[in-house]
Amino acid sequence: MDLTPTEEEREFRARLREWLAQELPTLPPKPSPDDWPARRAYDAGWQRRLYDAGYAGLHWPLDAGGRGATPTQHLIFLEETERAGAPYVGANFVGLLHAGPTIAAEGSAEQRARWLPPVLRGDEMWCQGFSEPDAGSDLASLRTRAVRDGDDYVITGSKIWTSHAEVADWCELLVRTDPGAPKHKGISWLAMPMDAPGITVRPLRTLAGSAEFAEVFLDEVRVPVANRVGAENDGWRVTMVTLSFERGTAFVGEVVACRRTLALLARAAKENGRWDDPVLRRTLGRLHGEFGALWRLTQWNVSESERSGGVPGTGGSVFKLAYSHARQELYDAAAQVLGAGSLALEEEWVLDRLSSLSYTIAAGTSQIQRNIVAERVLGLPKGR
């Protein structure tokens, strides 16, 4: 991995900075955090600007509608958009970071042509229908059934923690298509239209007071067989591709955001006198080192995914495990720096601290990540 910028990369950074400086002042005000339809429109509007400027799907393959940018250009894009305070993927994070890359890697030419352009333009949003109330972290224990009926699957079951289901057009859905097969073998990956008859969405309110998750009930929902990505009963393998994107590259922009937050906390500590506390200084210094190391690991993971055809490897689990705990420590440190008065500061600080509590669960719990690292990276025997 050569981190020395080329002339082309320096020019790319300069052009991007100039474009961001022109576009960001013209954005409308951010909508209320509780108004998801408005947030969808806001996020879709920003995505359309990226698309028109040639920055949408920057690192996606050319045959998937992207620009086929190098890993370094992708990282430059993340650095510069975060530095400028540009919107992130927002309500379309599933489409842009999970479902879209999975379809690009595993979908047919027809499926790519149908689903990827609307994602890149911001025209269609996706949600994730993986978790179930009775499955917990054992995702392969899912019970949602899909029975073949001619050219359709008829689906019955329920999903929970379905991100942005209330504003999504499509759902990346895991279903059991062979109940008699071993639990990892009888699963299929489907693209389900969220306006299909038989779908009921019930928003779930989180600790932070928002409702970006929902419980979804499926009552004999018909989904065309043509919407299956990968072969029937091969969905677990396709799911591992999805999860490798979710754990390996979906959080990279947030590492940049955390490094910026850490710099703001150090500045605040110097201004309010808490910098004199040696324990706090050591904490901030250690976090500076941890996020620096995570950024290097990010660069390595992105480079590895490029070498492996665009799909991240098991290094994503190492990253996700370390990042989720570092993020929690960051916002614990923020409470120390800002004091009890932090609850009266901008709502964003409070929401970020509350949301940090979920990162050791989201995208696979830390216990699951430790098992993956132990078995697939270190080659240790499976525990009993």
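Everything below is about the structure printed above this text.
Residues numbered from 1 in each chain as written. Predicted model: local features only at pLDDT ≥ 70, side-chain atom pairs only at ≥ 80, totals over all residues. Heavy atoms only, no water.

*Asks:* Please explain the overall build of the protein as it appears in this structure.
*Replies:* Scanning the protein from terminus to terminus reveals 11 helices and eight strands. The buried share of the protein, taken over its 384 residues, is 48%. Summing over all exposed atoms, the protein offers an accessible surface of approximately 18000 Å²; the carbon and sulfur share of this is 52%. (Helix = DSSP H or I, 4+ residues; strand = E, 2+ residues; numbered from the N terminus. Buried < 20%, exposed > 50% of the residue type's maximum accessible area, 1.4 Å probe, protein only. Areas by Shrake-Rupley, 256 points an atom, 1.4 Å probe, with all protein chains shown as cover.)

*Asks:* Sorry if this is basic, but what is going on with the nonpolar core here?
*Replies:* For soluble globular proteins, the rule of thumb is that nonpolar side chains tend to be buried together. One finds Trp 46, Tyr 55, Trp 126, Trp 189, Phe 291, Leu 330 and Val 337 to be the most contacted residues of the largest nonpolar core, which totals 67 residues. Broken down by element, the residue count for this core peaks at nine residues, all from helix 9 (residues 315-338). Counting residues in each nonpolar core, the second largest holds 20 residues, with Leu 173, Ala 196, Ala 214 and Val 221 among its members. (Core = buried A, V, L, I, M, F, W, Y, C linked by side-chain atoms within 4.5 Å.)

*Asks:* Can you help me understand the pairing of strand 5 (residues 187-193) in this one?
*Replies:* Regular strands show a simple pattern: their side chains alternate between the two faces of the sheet. Burial within strand 5 is extensive, with seven of its seven residues counted as buried. Across the two faces of strand 5 the burial is the same, with Ile 187, Trp 189, Ala 191 and Pro 193 and Ser 188, Leu 190 and Met 192 all buried. Pairing analysis gives seven bridges linking strand 4 (residues 170-176) to strand 5, with the strands arranged antiparallel. Note on strand 5: the bridge partner recorded for Glu 172 is Ala 191. Where strand 5 meets strand 8 (residues 228-229), two bridges bridge the pair, whose relative direction is antiparallel. Bridging across to strand 8, Leu 190 finds its partner in Arg 228. (Pairing = 2+ DSSP bridges.)

*Asks:* Would you mind going over the packing of helix 2 (residues 36-53) against helix 5 (residues 109-121) with me for this structure?
*Replies:* For any two helices packed against each other, the geometry comes down to the angle between their axes and how far apart the axes lie. Packing of helix 2 against helix 5 leaves a shortest axis separation of 7 Å and a crossing angle of 105°. By the angle between their directions, the pair helix 2 and helix 5 is classed as roughly perpendicular. From helix 2, Ala 44, Gln 47, Arg 48 and Tyr 51 reach across to helix 5, where they touch Val 119, Leu 120 and Arg 121. Tallied by class, residues from the contact of helix 2 with helix 5 come to four nonpolar, one polar and two charged. (Axes fitted to C-alpha atoms, helices over the stretch in contact; angles between N-to-C directions. Parallel < 35°, antiparallel > 145°, perpendicular 65-115°, else oblique. Contact = heavy atoms within 4.5 Å. Nonpolar A, V, L, I, M, F, W, Y, C, P; charged D, E, K, R; others polar.)

*Asks:* Could you clarify how one ought to interpret the pairing of strand 1 (residues 126-129) in this entry?
*Replies:* Residues of strand 1 alternate between two faces, with Trp 126 and Gln 128 on one and Cys 127 and Gly 129 on the opposite face, all of them buried. Pairing of strand 1 with strand 4 involves four bridges; the strand directions are parallel. Each residue of the ladder has a partner; that of Gln 128, found in strand 4, is Glu 172.

*Asks:* Could you clarify how one ought to interpret the environment of Gly 157 in this entry?
*Replies:* Here Gly 157 lies in strand 3 (residues 152-159). Sequence separation between Gly 157 and Val 175 is 18 residues; the distance between their C-alpha atoms is 8.8 Å. In contact with Gly 157, other than residues within four places in its own chain, are Thr 144, Val 216, Phe 217 and Leu 218.

*Asks:* Would you explain unusual backbone geometry in this entry?
*Replies:* Among all residues save glycine, negative phi is the norm, and among peptide bonds the norm is trans. In this structure, His 164 takes a positive phi of about 60° despite not being glycine. Summarising the element assignment, His 164 is placed in the loop between strand 3 and strand 4. A positive phi angle, near 55°, is found at Glu 220, a position not held by glycine. Relative to the elements of secondary structure, Glu 220 occurs in strand 7 (residues 213-224).

*Asks:* I keep staring at the side chain of Thr 81 and nothing clicks. Help me out?
*Replies:* Among the secondary structure elements, Thr 81 is positioned in helix 3 (residues 71-83). Look past the residues within four positions of Thr 81 in its chain and what remains in contact with it is Leu 20 and Ala 86.

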